[in-house]
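Here is how the chains run, residue by residue.
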Amino acid sequence: MKEAPVCRITLPASFDNGAQTRAVTIGEKKARTTFAETDEVYMVIEHDGVYAIAYDPAERKCVSMTVTPGSNPSEATLSGALKFYYDDGDRNPIALTPAEGDAVYLFYNMRLPDLNPAYLNFNYLYQTGSKDQKVASYWDYHYGATYHDYGEAKMKIAALDGDDSEGYTMSLVQFDDPDKSDVTFQNVDSLFRQELTFKDKNGDTVTPTLTQFVVTTAENNTIYMYYPLASTEENRYIRGPVALDPHDLSDDGNIYFAMMFVDDIKNETLYITAEDEDGNVYTASKAAPAGGFENGKYYYGKLELTWQKCKAPTVTGTTVKPIYGNYELTENPVNITISGYSEEYEFRLENGQGGTFTLDNLTAYGYIFINQKHIYPDPQGDVSLVLKGDNSIYANDYWGILLYGGLKMSCIGASATITITTTADNICGLSCSNYRNDVDYDNPAYNRNTDESETDVTDLLAAPGFTVTRSAPTKAYDSTYGQEIYTYTVERQ
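Being a predicted model, the structure only gives us computed values, none of them experimental. (Residues numbered from 1 in each chain as written. Predicted model: local features only at pLDDT ≥ 70, side-chain atom pairs only at ≥ 80, totals over all residues. Heavy atoms only, no water.)

Peer 1: Got a minute to help me understand the overall build of the chain in this structure?
Peer 2: If you tally the helices and strands in the chain, you get 1 helix and 42 strands. Within the span of the chain, comprising 493 residues, buried residues form 49% of the whole. Partitioning the contacts of the chain with sequence separation of at least 6, the portion at a separation of at least 24 is 65%. As presented, the chain carries roughly 22,800 Å² of accessible surface, and 45% of it is formed by carbon and sulfur atoms. (Helix = DSSP H or I, 4+ residues; strand = E, 2+ residues; numbered from the N terminus. Buried < 20%, exposed > 50% of the residue type's maximum accessible area, 1.4 Å probe, protein only. Contact = heavy atoms within 4.5 Å. Areas by Shrake-Rupley, 256 points an atom, 1.4 Å probe, with all protein chains shown as cover.)

The following block contains the structure:
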């Protein structure tokens, strides 16, 4: 492999006068722009259609310039003896000799740069919600707001003195003003310090342990990844919700995060959704200030998040905490009561496991609600489904309840219902060994979804002393898919 020549560079650097975001100083209501020796500045040269980055092939990593803060903390000197390489398309470094007139990009505090600058990005995901915490993990990319306080500058090579063997002394000037040779970094994003309070469904102040904190706009239009060297404008900004991983909130309830704003979203309201370890969901909004959000600004404020729903339902009985959207049902037979609001939680029975599920005014979205692993020849346990009040399951394109054993329904009180909505047009929301709809398409006894009127299914689904009727399918269509809605009514005889 040919070794790249050394390029020696010394540059005075500063932040533009309007910049306010330097995460090392945030915490007060105002912030100063300062440099620190621990800052990192990576340099990329654009030469004849390729991008080369300062790189060390032996260490297989990119090399930062040295940052030496000046007596004025908003100024610094950048220096380095750098060698530039670009990717041959297969992650192998190819040496570059730069030339006068080449464009030079400097990236301030960008993390985990790559040999191929096409992958160079500013990533706003995986923020910890802290000021400067660095969370150790396998990939080690959870950082506090300090590590997302980015800046960038564009220069060009005005002179290159020397040769390949002895190396070069590189002189740079500002890309749009060749009379200036200092680097003036422009902040890429804004920093937020928000003091949080939470209200539960009764309006009382609570202190939840957060597992997620999401910031977005009404159209999910926030920028979560920025590719400054992308070939087209549409590929430069990747949009969607910015989901923090709030490992560490300060004792006073502050959360810190960085956001990037471009012209078409700077006036949009930010919507904040937080979730705690018990599945409770809280929301708030933050309207844009007059003139819109600005990159390079530090926004200090307060947010009151109010309770909206609980994603994990309330479960009592023989169960443990939900695990990755599933409940571990430890006893056989199971005997649990499920109520409230559920989103993407599944109750999965093991082989041969049955029992009693009481649904108490439950609203469930997402996953299949009750599922039993289908592995023969193990016997399948039967399930008793007890309804209280009005229950709903929104099952997407699958059954709301799928069992490979039997199911019998009863109720608490005089009557109760369960309504199952599915986007599949050939199932009736419920399937069990005594009420299948996917066995024999020529036999009406199995094709429950073909019934066009209210159907008495007492002989199939009712526990002794109860009747069960199923409504005719209610069909609701939109431009994307059709819905089939079935309501099962259980009445005491």
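On we go.
Peer 1: Explain the environment of Leu82 to me, please; I cannot follow it from the model alone.
Peer 2: Within the element layout of this structure, Leu82 appears in strand 6 (residues 75–82). By relative accessible area, which is 3% here, Leu82 ends up buried. Placed 74 residues apart in sequence, Leu82 and Arg8 show a C-alpha to C-alpha distance of 6.4 Å. If we skip the residues at most four places from it in the chain, Leu82 touches Pro5, Val6, Cys7, Ile9, Met43, Ala54, Val63, Ser64 and Met65.

Peer 1: Got a minute to help me understand the pairing of strand 9 (residues 103–108) in this structure?
Peer 2: Each regular strand displays side chains that alternate between the two surfaces of the sheet. Of all the 6 residues making up strand 9, 6 are buried; the element is thus mostly covered by neighbouring parts of the structure. Covered by surrounding structure in strand 9 are Ala103, Tyr105 and Phe107 together with Val104, Leu106 and Tyr108, the residues of both alternating faces. Bridge count between strand 2 (residues 41–47) and strand 9: 6 bridges; the pairing is antiparallel. By the bridge assignment for strand 9, Ile45 is matched with Val104. Where strand 9 lies against strand 13 (residues 151–163), 6 bridges are found, and the strand directions are antiparallel. By the bridge assignment for strand 13, Tyr108 is matched with Gly151. (Pairing = 2+ DSSP bridges.)

Peer 1: Which parts of the structure should I look at to understand the nonpolar core?
Peer 2: The nonpolar side chains of a soluble globular protein tend to be buried, and buried together. Of all hydrophobic cores here, the largest spans 50 residues; its most connected members are Phe213 and Leu305. For this core, the element with the most residues is strand 22 (residues 254–259), which contributes 5 residues. For Phe213, the contacting residues outside a window of four places in its chain are Leu196, Val242, Ala243, Leu244, Pro246, Ile255, Phe257, Ile272, Thr273, Ala274 and Leu305. Among the nonpolar cores identified, the runner-up in size contains 41 residues, and Ile336, Ile338, Ala463 and Val468 belong to it. (Core = buried A, V, L, I, M, F, W, Y, C linked by side-chain atoms within 4.5 Å.)

Peer 1: Could you clarify how one ought to interpret the sheet that holds strand 10 (residues 122–123) in this entry?
Peer 2: Each strand in a sheet pairs with another by means of backbone hydrogen bonds, the pair being arranged parallel or else antiparallel. As summarised here, the arrangement of the 3 strands in space is 10-19-20, forming an open sheet in which the pairing is antiparallel. For this open sheet the edge positions go to strand 10 and strand 20 (237–239), each flanked by a neighbour on one side alone. Pairing of strand 10 with strand 19 (residues 223–226) involves 2 bridges; the strand directions are antiparallel. When the bridges of strand 19 are listed, Asn123 appears paired with Met225.

Peer 1: How should I be thinking about the pattern of salt bridges in this particular structure?
Peer 2: A pair can form between side chains of opposite charge whenever their charged atoms are brought close. Summed over all chains, the structure comprises 6 salt bridges. Two residues, Lys83 and Glu3, come together in a salt bridge whose shortest N-O distance is 2.0 Å. Of the two residues, Lys83 is situated in the loop between strand 6 and strand 7 (84–87) and Glu3 in the segment before strand 1 (7–15); the sequence distance between them amounts to 80 residues. A salt bridge links Lys309 to Glu343; its shortest N-O distance comes to 2.8 Å. One end of the pair, Lys309, is in strand 25 (residues 298–310); the other, Glu343, is in strand 29 (residues 334–343), with 34 residues separating them in the sequence. (Salt bridge = Lys/Arg side-chain N within 4 Å of Asp/Glu carboxyl O.)

Peer 1: I keep staring at the packing of aromatic side chains and nothing clicks. Help me out?
Peer 2: Any two aromatic rings considered together are summarised by their centre-to-centre distance and by the angle between their planes. Under the counting rule described, the total for this entry stands at 24 aromatic pairs. The interplanar angle of 10° and the centroid separation of 4.4 Å between the aromatic rings of Tyr365 and Tyr394 together place this pair among those described as stacked. Remark: Tyr394 occurs in strand 34 (residues 390–394) and Tyr365 occurs in strand 31 (residues 355–365); sequence separation between them is 29 residues. Residue class for Tyr365 comes out partly exposed when judged on its relative accessible area of 33%. Tyr394 gets classed as partly exposed once you look at its relative accessible area, which sits at 31%. The ring of Phe175 has Lys154 lying over it, and the distance from NZ or CZ to the ring centre is 3.9 Å. (Phe/Tyr/Trp six-rings, centres within 6.5 Å; stacked < 30°, edge-to-face > 60°. Lys NZ or Arg CZ within 6 Å of the ring centre and 35° of its normal.)

Peer 1: Could you clarify how one ought to interpret the environment of Thr316 in this entry?
Peer 2: Here Thr316 lies in strand 26 (residues 314–317). What makes Thr316 partly exposed here is its relative accessible area of 45%. Separated by 21 residues in the primary sequence, Thr316 and Thr337 place their C-alpha atoms 5.3 Å from one another. For Thr316, the contacting residues outside a window of four places in its chain are Asn335, Ile336 and Thr337.

Peer 1: In this structure, what is going on with a negative patch on the surface? I would like to understand it.
Peer 2: Side chains of Glu454, Asp456, Asp459 and Glu491 sit close together on the surface and give a patch of like negative charge. One can find Glu454 in the loop between strand 38 (430–431) and strand 39 (455–456). Accessibility expressed as a relative area gives 59% for Glu454, which makes it exposed. (Patch = residues over 30% accessible without salt bridge, like charges linked within 9 Å, V, L, I, M, F, W, Y side chains within 5 Å. Lys, Arg positive; Asp, Glu negative; His and termini not counted. Charge placed at Lys NZ, Arg CZ, Asp CG, Glu CD.)

Peer 1: Would you mind showing me how to read unusual backbone geometry here?
Peer 2: Note: most residues except glycine have negative phi, and most peptide bonds are trans. Cis geometry marks the peptide bond from Asn332 to Pro333; its omega dihedral reads 10°. With respect to the secondary-structure elements, Pro333 resides in the loop between strand 28 (326–327) and strand 29. A positive phi angle, close to 50°, is found at Asp48, a residue other than glycine. Within the secondary structure layout, Asp48 lies in the loop between strand 2 and strand 3 (50–56). In the Ramachandran plot, Arg60 falls in the positive-phi region, its phi being about 55° despite a non-glycine side chain. With respect to the element layout, Arg60 can be found in the loop between strand 3 and strand 4 (61–62).

The values reported here are purely geometric and, on their own, carry no functional implication.
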